[in-house]
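An overview of the molecular structure
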Amino acid sequence: MVRGLAALLPPVRVVPGCPYSCDPAAPDPGCPAGPHDGPRDSPRDGAVSQERPVILAELPVGATEDRLAGSLDIERVLTAGTTAFQPGLLASAHRGVLYVDEVNLLHDHLVDLLLDAAALGVNYVEREGISVRHASRFLLSAP
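The following paragraphs examine the structure supplied in this document.

For the rest of this paragraph, the subject is the pattern of salt bridges. Inspection of every chain in the model, using the stated rule, returns 5 salt bridges. Residues arginine 13 and glutamate 51 are paired through a salt bridge, measuring 3.5 Å at the closest nitrogen-oxygen approach. With arginine 13 in strand E1 (residues 12-14) and glutamate 51 in strand E2 (residues 50-52), this pair connects stretches of sequence that are 38 residues apart. Put simply, arginine 133 and aspartate 28 hold a salt bridge, and the shortest N to O gap is 3.0 Å. Here the residue arginine 133 occupies a position in strand E8 (residues 130-135), and aspartate 28 occupies one in the loop between E1 and E2, the gap between them amounting to 105 residues. Residue classification places arginine 133 among the partly exposed residues on the basis of a relative accessible area of 30%. Aspartate 28 gets classed as buried once you look at its relative accessible area, which sits at 14%. In this structure, a network of salt bridges that share partners links the residues Glu65, Asp66 and Arg127.

Let us look at the sheet that holds strand E9 (residues 139-141). Read from one edge of the open sheet, 3 strands run E3-E6-E9, paired in parallel fashion. Each edge of the open sheet is held by one strand with a lone partner, namely strand E3 (56-59) and E9. Mean inter-strand twist for the sheet, computed between neighbouring axes without regard to direction, equals 20°. Bridging between strand E6 (residues 97-100) and E9 involves 3 bridges; their strand directions are parallel. In the sheet register, valine 97 faces E9, and the bridge partner there is leucine 139.

Criteria and thresholds
- Residues numbered from 1 in each chain as written.
- Predicted model: local features only at pLDDT ≥ 70, side-chain atom pairs only at ≥ 80, totals over all residues.
- Heavy atoms only, no water.
- Salt bridge = Lys/Arg side-chain N within 4 Å of Asp/Glu carboxyl O.
- Helix = DSSP H or I, 4+ residues; strand = E, 2+ residues; numbered from the N terminus.
- Buried < 20%, exposed > 50% of the residue type's maximum accessible area, 1.4 Å probe, protein only.
- Pairing = 2+ DSSP bridges.
- Axes fitted to C-alpha atoms, helices over the stretch in contact; angles between N-to-C directions.

This is the structure:
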C-alpha cells in the first residue's frame, strides 16, 4: 500500500545532481552539495531544475546508524585523499517517503535518530572528523 501511495504522489522538482533533493525554488543554503543558485523556479528565468517521482526509501530491519544518517565516504578518502560525506537514507527520503517495516525490531538509538530527524526536519551527523547538516523532511510510514 505504501508503494502505491508513493506512486500516486505528484512529482517533485529538484536541483539536478543534488543527492539531498533540494527544492530549486527554495534551495537549502546549508546543503552539503551546495551552494545552489538562488530561487529560480519559473521557465522564463532559466530555471535549473528537473522533475522526478517521489522517492520511496525503505529502512531495513538490520540497518546501521551509518546507513540511516550517513557516514564518511571511505572510497573518496582512499582514492582522492579528501574528507567526504556519503549521504544516508534520511537524505534519500528528503521530500519523499521513508518506509520502516517492523519498527519495533529496530535498535532504540536508530528509532531515536529517526524520530529526531522527523521532528526537527534536519539530520545532523558529527563523527569521524566530519560535521554535516542537511534538510530531512519526509513522510514517515511505519505500520
